[in-house]
Each structure stands twice: as structure tokens, then as C-alpha cells.
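Fold and contact review
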Number of protein chains: 2
Amino acid sequence: MSPKITTELLKQLRQVMKNPKYVQEPVQAYIVPSGDAHQSEYIAPCDCRRAFISGFDGSAGTAIVTEQHAAMWTDGRYFLQAAHQMDSNWTLMKMGLKDTPTQEDWLVSVLPEGSKVGVDPFIIPADQWKRMSKVLRSAGHDLVPVKENLIDTIWTDCPQRPCKPLITLDLSYTGVSWRDKIVALRSKMAERKVMWFVVTALDEVAWLFNLRGSDVEYNPVFFAYAIIGMNTIRLFIDGDRMMDTPVREHLQLDSTLEPEFRIQVMPYGSILSELQAVGAGLSPKEKVWLSDKASYALTEAVPKAYRYLTPYTPICIAKAVKNATETEGMRRAHIKDAVALCELFNWLEKEVPKGTVTEIIAADKAEEFRSQQKDFVELSFATISSTGPNGAIIHYKPVPETNRTLSVNEIYLLDSGAQYKDGTTDVTRTMHFGTPSAYEKECFTYVLKGHIAVSAAIFPNGTKGHLLDSFARSALWDCGLDYLHGTGHGVGSFLNVHEGPCGISYKTFADEPLEAGMIVSDEPGYYEDGSFGIRIENVVLVIPAETKYNFKNRGSLTFEPLTLVPIQTKMIDVNLLTEKECNWVNEYHQKCREVVGAELERQGRHEALRWLLRETEPLARVQ
Amino acid sequence: MSPKITTELLKQLRQVMKNPKYVQEPVQAYIVPSGDAHQSEYIAPCDCRRAFISGFDGSAGTAIVTEQHAAMWTDGRYFLQAAHQMDSNWTLMKMGLKDTPTQEDWLVSVLPEGSKVGVDPFIIPADQWKRMSKVLRSAGHDLVPVKENLIDTIWTDCPQRPCKPLITLDLSYTGVSWRDKIVALRSKMAERKVMWFVVTALDEVAWLFNLRGSDVEYNPVFFAYAIIGMNTIRLFIDGDRMMDTPVREHLQLDSTLEPEFRIQVMPYGSILSELQAVGAGLSPKEKVWLSDKASYALTEAVPKAYRYLTPYTPICIAKAVKNATETEGMRRAHIKDAVALCELFNWLEKEVPKGTVTEIIAADKAEEFRSQQKDFVELSFATISSTGPNGAIIHYKPVPETNRTLSVNEIYLLDSGAQYKDGTTDVTRTMHFGTPSAYEKECFTYVLKGHIAVSAAIFPNGTKGHLLDSFARSALWDCGLDYLHGTGHGVGSFLNVHEGPCGISYKTFADEPLEAGMIVSDEPGYYEDGSFGIRIENVVLVIPAETKYNFKNRGSLTFEPLTLVPIQTKMIDVNLLTEKECNWVNEYHQKCREVVGAELERQGRHEALRWLLRETEPLARVQ
């Protein structure tokens, strides 16, 4: 892929940075964060402002443009991709490396004295505003809100904000009605003595009202906010989608309800003025609860004394612990997903040697098989279908310019997943359709050992996920190998494939303790730049464990894999596995046979079933 | 031990909390932190205010007294001890447990509206002041500095502040002169563009000037502050100890030096006014560097705009990385320490069956053997000599009321160490002088597996210690066991036995990355309340490791044990060890034989040598 030429765009941006039509005073730097007004990770095309200005379209990154410089901060997943997509106007700031400055420190080092740094106050999260503003101020600069988004002023062909129809989810999918969720939320609000709660994250709005949408690709969410009071519910949403009969019935908009469950529907754009009105009408001790990641604009709408900010909202925490209905749905979704992948890998095994299968064809085929499954809605993220050196680009997505043909000489890495009405999947398998080298097998086996170490880990109730991260790395570390990304993320239930508040990462973000019912991914990897990438990813459910002494009744936890797709035994150097690890693989494969095998049988997919049986033959260790 | 009766003292304290002689306005709560004006962990008797008011004399704890309540926060090491030492006036707040409120939250929950919370501004660290003050203010209360320490006003027989002679350390002990340390410090200051650095921690003053003292038991430090400018050095220290000729020569006080190395000696008590004078004379952009743990009083002495606060000072970070001279000294100290412990354990093995050895006698005997070694100065902390149930009190120290007799029926845990002029030691061994039960051996073996997992861990350069903590717990977790303390702490070089900025803990404090030359402890444990305690502790040096792939030249690290004392093989259930673990034990014991054996031989300690040889017989695994 060739980089986007940004010389002219940067020139235009630098002009509007000084244009009194848009800024009260000229700004010497302008920050273009990744997110939208809801701090979403995946965003609608109209919100891809950072990709528009820089060319880099990975899921995480912040651009800062000054009069002289243009710099992009992103993490290890995207170092290669960003370097490929950006032209020489841009400097890549590799986050996580020791010598990389923070955005604030970099600004301080390059800005002339007394500079103004501009940012869209709806896009920047309040916690980030606070941190940056403090550092900049102490260095004599000012962070200033620029109401009109400056990228939008130069983005002449910016697409429209989507406003697609909604899907209603009944109890058979959610387990809990939206009314009961509101009741539970209000009880959490009462505990903390807050009177109002502002729902700003799109997946939190969707979860709370048991609604789904398709305004953002891959994430079944819709553009909306909500303000929940102890006696009122306000939903801010645009378009005629609220005129849809099933939606009206689901939300009981036309029924005579107790007043505290009556939903007032208001225009999406009125959130700020409504919240300002709420803020203005507060009496002492009436607090408003917001995520500390809510936008600076909304946070400022509530007078400081009345704000109650937390890193994770009660909805985020409740949403993370899946109930029995959701867990069963996730299990079903993963079985269907495994059926699709058995079909795919069986097909690839036959087709790859012919030399006609490209990364894009393989990705499309994966989608085709998934779409044949019941309740399939869409993919849960852009399929990472990568072979050979492309596999080392951690969040690679094949495009025509990079599209490589799969061959029997290269490792193929497929990281893919789907949204089904009953659950969200995310699975990575690394396959070789010829004969892997000893080194490739060695690396694969270390990654597998790390995957097993997390998956089979037993830990006391209340353990935070970041304490498990090193288990995934230990076997790699022993040989001087590592990978520059976290080991796992929370996974939504027919919702965002990445969600908080738990995860497994060496980064000590403020993760919440793991508890039974939470669902995370387990995905260690190893990447050899220019050669290959390896990752083994299952989605796993936190479940109670049985231990001999049970932590003095504190309770024991472990993981149960929900993903049930064979791990290619051809890639395993069995002699590097312990007996326990070998048994883990064999038991996992036995479960794939039983559970997925039965479903393949039921669906009459006999060839894929034969493939599954062959791929799950037990490993035998040489003693 | 019986608890301290505090009814009368608390009554007196509550009176002075309202006495206009001491407080401008009555305070409704008074905080008594653990530390002294230097935020020391170990403190002089005159600074033991929290122990005086509560009876609880563990090394960590904060007391808060309100009109109605008296509460004590401490961590898992001290839950049992605090419960034993405090009377029913006190509520124990178990830090680290989920339901325990923070001090701020608790204050907010018990205080009447608009309360004042008092604290000595010299004792409370600035970062803690900031945190507490913010929470209290947002709940309508005020944190206020009370200049006169209220405990001191009721402590009629408070001992005097010690002022003991100093020890000078030449290059053969320190490897670097104080002048070169000043030069290095000034270069760090220049890097950060600060003009002044305030040395507030006692071990940092001692390290910087290559001086040691004995004002605080176990810690070879002396009461002093320093202010280092780009061209000036001010040392704040009391007493006639600066009249001592070797000290004057060491500091070159009477020589004609370049002005920037001339040390101005000033009274200890003048630090505040001198720092205020420095603060008042600053021109824009002249910053003053302080630890964010420096006292609120000193931090406030510098106008906010001129403060440069960091969690770790450049001295703290430089001090943690031992140079070759210090490392060699630490090695020598540990060999001598091992000689003493071989003597002790040999002696215990003969004496314990007679039923005449108490915990105190054993501790005294350990000190006696240590004191026979060259350059012995004092112990590095109060010896934890504990048998049977006392072993479960994590930071137990035997006193006449609790003093138990060692027997062949109970586990004996000895955690002890010494200060030698060439290094500081800290070692824990858990022994059974009869026949351990299968359960005791099982628990011991899990702890050993954890110890080995950390000690043998290989990790990339730049890894933070907290990422290694779970390695120490994994074997225990598998069986549902855990321990409620961190796994390791930094160790000084003839300095404090606990020092920053690195450590190995599940608590995600802001530890600095591990680098070669750092020295930490590796001390997992298991404690069965009312029955026994197990801990296996070595002091280990961070060293470069050789790995097959060396993290793409990022560099590999591992640990080398400096402690060389046999681990009792009788306590090991060999069948629970992997082959690798078994080899680790055998290689470790082989090294003990070679290195400590040679020294025992040299010192003519033949009986202890025979004991060492017997205790280091190789383990044999049943295949």
C-alpha cells in the first residue's frame, strides 16, 4: 500500500488553525484523537478524522499537527501499518517504547512559548483533557476547546452520520429486561448517592435498552446518549427509527407506564443543552455520574462540584458479567463460528496448494461460511487475513495493494470474528498448509504454552487480569522472545468485541477484578518483522474453579474456552510441551470434536467434520 | 502480649484536638501517620507516635482518631499483630481486603458536616496530603496542618531525638566518591532543567555523602537534609558530629575546594526557613526538585509554580543500581551472613530437641554468630524468630509474653539480616527440627516452587518487577493457597533493608523497571493462622541473562541469588518439583557448598561445614 499524500491537507489544516472564523485565537497545535464523541474504538466513516488527515487508519492513534510537525502516536500493534500508510510529513511515535515521549512532553518540547493547543471538546475524553491541560499549563501553554472540528472544515466530502434501523432484543437473548436494568442502575446510583447518570458510551446505551443498531461497522450500536434520573429516562437519538413499531413496543413508548419508566425521546444533538439544564437545576448534594472518559464538553456541562466521575460506570461493570442467558448465547455463537471455521480451513487446505487463494479471498470465504450460520448479523471486526510477512503487521487488514497469495511455504494468520444475535466471537488461528520450519514450530509452541498458561491458570477470586499477563509470556521470555501487545480484552455479548472493564495486559490500566461470568480473550503471539506472525486466540469465560484448599473460602477462578476451533497440531513441537500442556491440547481437541463435531453432523457438513476429526487427533509426547 | 490500654491517652488527645493552645480551630479528627519527617519506614523512638497512641508497633500503619472513633489501617503482614497489640478502643482496618474503606472514605462516612481533619504537616507526605485533601474537600471537610504535633503534647516521657556519631565510607566500599555523585546528580538536574534538588529521605542523604549513622535502629542513617544547587551544597545536620576529624576530612570541610563542592553545614531545624528562602529567590523557570513523598511542609515551602515533583528522585534511582564495588561488597556480606546461619542452624539442630531454646534465645544466638563476622555493624531489622503459630504472624518479633520454645514438633521460621560495612542482608529460612507433616511439606514445596519461578525467571530488559509477582504465586494458586504480601523489595547496600524504586508486588505501585545491578528480595510465603508460617527468602541481584534470541537485542535479564544458605531439603516434597526445579535446588546447594563451604573452612568452622555438606546433599527425583 502506498502512503496517503498529506502535504496539501496539512497546509489547509494549518491555515484553519489560524483562521478567526474557527478559532478565537490562532492555535499552534491541533490534536486529532482517534475517537468519536462517545470515545468509541470503532468509529463511523464520518468520524475517521485522524485517518483522513494522516492516512493511518488503525483502530488506535492520536495525531498532533503543529506549524512545523505532524506526529502520530500509536501502539505496537500498528507500528508497521502506520509506517506504511503515512507519508514523510509524519513522524511515528511508537508508544510503549522507552524513548517515546508522551504527547504532552512532545508538545512542550516543540511548541514556541505561550502556545495554544486546540482540540474538539466533544472528542477528547475529560480525563485526557485534564492530564494534558495540566502538563501544558505548567509549561506555559494552554489547551483550548475549538468548538468547530477543524478537520471537518477541510473535509469537503465527509460522509453523513449514519442513522440505521434498530434491532430489539427480547429476554431470550438478554436474560434481563431494560426495566430491570434501569432498576439495578438506580440502585447503584442510590448507593453512591447520585441523582443522575449520563450514558455516553454507545455500547452502554445499547446494552441498557436491549437495543442494537448498525451505525458503526462491526459494532452493533447506534448513535445515542441517555440521561437516567431517579424518576426520569431521557434517550437522545435521531431519525425516524423511533417510529418503528417493534422499537416503540419494546420501549413501551405508547403504553401507560409508571412515570419513572417512561422514556422521553429527544434529538441526539440536544444532549449538551439538556445536560446543562440538568446541571443548572441541581441542589447541593445532587451529583451527576459520568465516566471519566466522557467527553470534555459533556463533563464541563455539569458544574465541577456536582460531578461524580469514575473510570468505569456501573453499566460497564454490570455488562461485563454475563448472565446465564448471555453465556448460553455466547456458547451457541462460538459453536456456529467454529463450524464456519472448520469449513473454511478444510476449504483452504484444498485450495491453497493451487495458488489461487489470496488473503482477501480467504477473508471473504470466512465471511461467507459465517453468514450461513443462524442469527449471523455481521463481522465483529475487519478480518485479519495475513500470510507470511503480512502476519507480522499485528492489526493488518488485506487491501488490494498488499493482498498476498496464500501458499504452502508461508504461515497464514487469521484473526476474525462475527456478530450473531446470540453472541460475539473473536478467534485467531495460525496455520501452515505445507511444512513449517523448525523455528516456526518452536515459536508457535511457545505462544501455545503461553496461551495454555493463561487458559489453565487458577487464581483467587478478585484477582485483576493484569496479574495473569506474564503467564502468557513466560515460555517466550525464556528464549528471549516477546510480543508488544496485551494478552486479552473483554468481549461483549452481541456487542463490541473489545470492552472494559477487565482485560489481561502488562499495562497496568485500572482494570476491575475478574469475576465469574466475565468473558475475555486469551491471545498471546509472536511476530517476526518481515517474515511471519503467530497468534493463538480463544475467547474464554471466567468460571469458578475447584481447588484443594479454595483460598480460605475466598473462592477460586479459572477460564473455560468458549472458542472451539482446532489448534493446528502440525505447528506444535510436541517435545517442547509438558505433559500437562499436552493433556490440555488433547482435552481441548476432544471437546472440539464432541461439541463442534455434533453441530457439523447436525448441519450435514460431513467433509468439514472429517477435517475436524483429522485435525484433532491426540498428540503423543515422546517420554 | 496484652494490648496497650489507651482509654486515657485517647481522652487526652481528644482534649488537645480542641485546645486553642495547639489548634486554631478544633479538629474533629487527627491523623497519626507511621513515618517521621523523612517518611522513613523505620523510625527513631521519638518518632513512634502511632505506636505510643495505639500500642501497635508494626512498621506500617496509620492511626486516625475522631471524637467517637479510633481506627488503624495496616496491611496483611500486620493484621494479627495489630489485633493483639490494640485494645478495644481501636478498630482495625485491613488494607488490601475488598470491603475495607480508604482512610478518606472512612473519614467522610464518620465525620459530622464541615469537619476539620488535622495532621502534622512535617509527617504527612505531600502526595498523601493532596489525595486526602481533595476527597475531604469534595465532601465538605478540610484537611488542616497542625504545626505542633498533638501526640508530642501528651507524650510526657518522649525520648530525645538521637544524634550519634557518623561512619565515613571510602571508595573501597562505595565505588564512587560523594563529589562524583554530586556531579551525576547535577547532570540529572540539568537534564530536567531544575536548579535545586532537596534531599529529604535519610538513606538518600547517607548515600549521597558516603556517610552512615545510627540514629535509627537497623538503618545506618542519620537525621539530616540536604539542598543541592547547581553551585552550592547545603547539609542540614545537628550535633557536634560534624566536628569529628574523619568526617571533616571525608567531606573536605577544611580544604580549599572549588566553590561548587564546598559543603555548607547548617542546623537540622533550619531546613524549612532555608528552603523558603530558596523558594522566595527563584526567578521564572527555576525549578526545585522534590520527591512527591517529601513532607507537605517542605513541599509547600516552594511556590507551586516552581515545584518539580517525581515519585522517585534521581538519587533513589541511582542508589538502586549497585556498582561493581557495591555488588562485590554485597556478595561478601552474604557469604559472611551464610556462615553465621550455618553455625546457627547447626547449633539449633543440637539444642532444639533439649527443649531449652526459645524464639528470643534463637534470635540472640543468630545475632551472636553474625556479630563474629568481619565488618558487622548491627542487625538490618528486628529478627523474626517464630515457631508454630507465631510463624503465621507475618512480621512477628518475639517478646517475653509471646516467646515460644522451639520444638521438634513445630515449624520454625527465621527472617533475619544484618548490616555489614560492605553490605546489607535479609534472609528467611523455614526449618523443621523433627518430622514435618505431609501438609507442611506440601505447602513448603509450593512456596519453594514460587521462589524458584521468580529467581529463575528470564525477562526482557525494562520489565517492571510487578509483572513477576504472579510467578511466585502460581504453584500456590493451583491448590487454592495464597499469601497477603508482596514478593520482594529493593535492598540497600549497607543501607535500608527496604528501599525503592523497584520491587516485586501484586500491588501496582509505580515501580521502576528492573535493570542489571538492582538488588531485590524474593520471598514468597504461606501462612496458616494459628498453626505455622512458611517463607523462603533470598536476596537476588538482577543480572544479564543469556537467551537464545535476546529479545531482538533489547537484552535479557534474570536473577542471581546473593543469599547462599541451604533450603531445608527435609521440608521438600520432591515429587511435587519438576526436573528443572529439582536441578535449580541442586545447583543452588552446590554453590552454597563451594562458596560458603570455602569460607567456613577458612574460618575453621568445621562442625558448621559438616552441617552445610549434609544439608546440601543433592535431591533425587523419582522419575
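Being a predicted model, the structure only gives us computed values, none of them experimental. Per-chain numbering applies: the sequence of each chain, read as written, is numbered from 1 onward. All chains are assigned letters beginning at A, and all ligands numbers beginning at 1, according to the order in which they are written. Local features in a predicted model are, by the rule used here, given only for residues with pLDDT of at least 70; side-chain atom pairs are given and counted only at 80 or more, and totals for whole chains, interfaces and linings are based on all residues. Side-chain figures throughout are based on the complete set of non-hydrogen atoms in the structure, without hydrogens or water.

Here the focus is the overall build of chain A. Starting at the N terminus, helices and strands are each numbered in turn, a helix being any DSSP run of H or I of at least four residues and a strand any DSSP run of E of at least two. Helix and strand content of chain A: 19 helices and 28 strands. As a reference, a globule follows 2.2 Å times the number of residues to the power 0.38, and the radius of gyration itself is taken over C-alpha atoms. Its C-alpha radius of gyration of 25 Å places chain A within 12% of the 25 Å reference for a compact globule of 623 residues. If one aligns the C-alpha atoms of chain A with their principal axes, the spans along those axes are about 70 × 60 × 50 Å. Counting the 623 residues in chain A, one finds 61% classified as buried. Long-range contacts, defined here as pairs at least 24 residues apart, represent 72% of the contacts in chain A between residues at least 6 apart. None of His or the chain ends enter the tally, which takes Lys and Arg as positive and Asp and Glu as negative. To locate a charge, the coordinates of NZ of Lys, CZ of Arg, CG of Asp or CD of Glu are taken. Here chain A contributes 66 positive and 80 negative side-chain charges, whose respective centroids are spaced 4 Å apart. The buried label applies to any residue whose accessible area, calculated with a 1.4 Å probe on protein chains only, is under 20% of its type's maximum; exposed applies above 50%, and partly exposed to all values in between. Residue contacts are counted whenever heavy atoms from the two residues lie within 4.5 Å of one another.

With that out of the way, let us pick up the sheet that holds strand β6 (residues 142-145) of chain B. Residues and elements named next belong to chain B. On the basis of which strands lie adjacent, the open sheet formed by six strands has the order β4-β3-β2-β1-β5-β6 and mixed pairing. Each edge of the open sheet is held by one strand with a lone partner, namely β4 (91-94) and β6. On average, each strand axis in the sheet is inclined to that of its neighbour by 25°, with strand direction left out of account. We treat two strands as partners when DSSP finds at least two bridges between them. Bridge count for strand β3 (residues 70-74) against β4 is four bridges, and the pairing is parallel. From the neighbouring strand, Met-72 faces β4, where its bridge partner is Leu-92. Along the sheet, helix α1 (residues 7-16) contacts β1 (29-32), β2 (62-66) and β3; its crossing angle with β2, the most-contacted strand, is approximately 70°. Angles run from 0 to 180 degrees between N-to-C directions of axes, and those axes are lines fitted to C-alpha atoms, restricted for helices to the stretch in contact. Contacts from helix α4 (residues 103-110) reach β1, β2, β3, β4 and β5 (116-119) within the one sheet, and its direction differs from that of β2 by about 10°.

Residues and elements named next belong to chain A. Once the domains are mapped, chain A shows domain 1 (6-153), domain 2 (167-319) and domain 3 (327-615). Taking only C-alpha atoms, the centre of domain 1 and the centre of domain 2 are 30 Å apart. On the side of domain 2, 21 residues touch domain 1, which itself brings 17 residues to the contact. When two components associate, each loses some accessible surface as probed by a 1.4 Å sphere; the sum of these losses over both components is called the buried area. The contact between domain 1 and domain 2 buries some 1400 Å² in all, and 64% of this surface belongs to carbon and sulfur atoms. In terms of surface lost to domain 2, no three residues of domain 1 exceed His-38, Tyr-42 and Phe-122, which account for 43% of the buried area on that side. Here the limits of each domain have been adopted from an automatic or database domain assignment.

Attention shifts here to a positive patch on the surface. Taken together, the side chains of Lys130(A), Lys134(A), Arg137(A), Lys304(A), Lys130(B), Lys134(B), Arg137(B) and Lys304(B) present a region of like positive charge at the surface. Position of Lys304(B) among the secondary structure elements: in the loop between α12 (296-301) and β14 (307-310). Among the residues examined, Lys304(B) registers a relative accessible area of 69% and is labelled exposed. Like-charged residues are merged into a patch within 9 Å and nonpolar side chains (Val, Leu, Ile, Met, Phe, Trp, Tyr) within 5 Å, provided each residue has over 30% relative accessible area and no salt bridge. Every accessible area reported is derived by Shrake-Rupley at a probe size of 1.4 Å, with residue values counting cover from the shown protein chains alone. Here, a salt bridge means any side-chain nitrogen of Lys or Arg that lies within 4 Å of a carboxyl oxygen of Asp or Glu.

With that settled, the discussion passes to the side chain of Thr387(B). Positionally, Thr387(B) belongs in strand β16 (residues 384-387). Beyond its immediate stretch of four places on either side in the chain, Thr387(B) contacts Glu359(B), Arg404(B), Thr405(B), Leu406(B), Glu410(B), Ile411(B) and Tyr412(B).

Turning our attention to the packing of aromatic side chains. Side-chain rings of Phe, Tyr and Trp, where Trp is taken by its six-membered ring, are said to pair if the distance between their centres is within 6.5 Å; with planes under 30 degrees apart they count as stacked, over 60 as edge-to-face, and otherwise as tilted. By the definition in use, this model includes 39 aromatic pairs over all chains. On the numbers, 5.3 Å between centres and 45° between planes, the contact of Phe459(A) with Phe559(A) is tilted. Of this pair, Phe459(A) sits in strand β21 (residues 459-460) while Phe559(A) sits in strand β28 (residues 556-561); the two residues are 100 residues apart in sequence, bridging distant segments of the chain. Across the pair, exposure class does not vary: Phe459(A) and Phe559(A) are buried alike. Between Tyr412(B) and Phe433(B), the aromatic rings sit 6.3 Å apart at their centres with planes inclined by 40°, giving tilted as the arrangement. You can see Tyr412(B) sitting in strand β17 (residues 411-416) and its partner Phe433(B) sitting in the loop between β20 (427-432) and α16 (438-455), a full 21 residues away along the chain. When sorted by exposure, Tyr412(B) lands in the same class as Phe433(B), which is buried. Within the aromatic cluster, the residues linked to one another by ring pairs are Tyr439(A), Tyr526(A), Phe532(A) and Tyr549(B). Criterion for a charge above a ring: Arg CZ or Lys NZ at most 6 Å from the ring centre, at most 35 degrees from the ring normal. Here Arg161(B) stacks its cationic end above the ring of Phe223(B), 4.6 Å away from the centre of that ring. Of note, Arg179(B) hangs over the ring of Phe261(B), and the distance from its end group to the ring centre comes to 4.2 Å.

Residues and elements named next belong to chain A. For Lys-319, the position within the fold is in helix α13 (residues 314-320). Under the rule applied, a polar contact is a pair of N or O atoms within 3.5 Å (in protein, one hydrogen donor and one hydrogen acceptor; residues adjacent in sequence only if both atoms are side-chain atoms). Side chain to side chain, Lys-319 and Glu-499 meet in a polar contact 3.1 Å long. Residues within four places of Lys-319 in sequence aside, it is in contact with Asp-203, Glu-204, Trp-207, Leu-495 and Glu-499.

The packing of two helices is summarised by the inter-axis angle and the distance between the axes. Residues and elements named next belong to chain B. Packing of helix α14 (residues 324-351) against helix α15 (residues 359-371) leaves a shortest axis separation of 8 Å and a crossing angle of 140°. Taken together, α14 and α15 sit at an angle that is classed as oblique. For the crossing formed where α14 meets α15, the hand is right-handed. On α15, the residues touching Asp-337, Ala-340, Leu-341, Glu-343, Leu-344, Trp-347 and Leu-348 of α14 are Ile-361, Ala-362, Lys-365, Ala-366, Phe-369 and Arg-370. Across the contact of α14 with α15, the residue classes tally to nine nonpolar, no polar and four charged. Oblique is the label for any angle not covered by the other classes, which are roughly parallel (under 35 degrees), roughly antiparallel (over 145) and roughly perpendicular (65 to 115). By definition, turning the near helix anticlockwise from the far helix through less than a right angle yields a left-handed crossing, and turning it clockwise yields a right-handed one. Under the convention adopted here, Pro, Cys and the residues Ala, Val, Leu, Ile, Met, Phe, Trp and Tyr are nonpolar, Asp, Glu, Lys and Arg are charged, and Gly plus all remaining residues are polar.

Before going further, it helps to spend a moment on the confidence of the model for chain A. A residue-level look at chain A finds 99% of positions with pLDDT of 70 or above and a mean pLDDT of 96. Among the prediction metrics, the complex's ipTM stands at 0.90, with pTM recorded as 0.92. pLDDT runs from 0 to 100 and stands for how confident the predictor is about each residue.

Here we take up the interface of chain B and chain A. At the junction of the two partners, chain B supplies 36 residues and chain A supplies 35 residues. Both faces combined, the contact of chain B with chain A buries some 2900 Å², and carbon together with sulfur accounts for 56% of it. When the shortest N-O distance is used, the salt bridge between Asp482(A) and Arg554(B) registers 3.3 Å. The interface formed by chain B and chain A holds 14 residue pairs in polar contact (both at pLDDT 80 or more) in total. Elements with a minimum of two residues in the side of chain B that touches chain A: α5 (126-138), α16, β21 (459-460), α17 (469-478) and β25 (525-528) of chain B. Broken down by element, the side of chain B that touches chain A gets its largest block of residues, five residues, from α17(B).

Superposition of the copies was done by least squares, using only C-alpha atoms of residues whose pLDDT is at least 70 in both. Superposing chain B onto chain A takes a rotation of 180° combined with a translation of 0.0 Å along the rotation axis, leaving an RMSD of 0.1 Å. With respect to symmetry, the two chain copies, as superposed, fit the operation of a two-fold axis. Here 97% of the interface residues in chain B have copies in chain A that are interface residues too; the copies meet face to matching face.

All names here are of chain A. Spatial ordering of the open sheet is given by β15-β18-β19, a layout of three strands whose pairing is antiparallel. This sheet does not close on itself; its edge strands, each paired only once, are β15 (376-379) and β19 (423-424). Across two bridges, the pairing between strand β18 (residues 418-420) and β19 is antiparallel. Residue pairing for β19: Gln-419 is matched across the bridge by Thr-424. Strand contacts of helix α15 (residues 359-371): β15 and β18, with the helix running at about 165° to β15, the strand carrying the most contacts.

This part takes up the pairing of strand β24 (residues 519-522) of chain A. Residues and elements named next belong to chain A. The alternating pattern of β24 places Ile-519 and Ser-521 on one face and Val-520 and Asp-522 on the opposite face, and all of these are buried. Note: β24 against strand β27 (residues 538-544), four bridges, orientation antiparallel. What sits directly across from Ile-519, in β27, is Leu-541.

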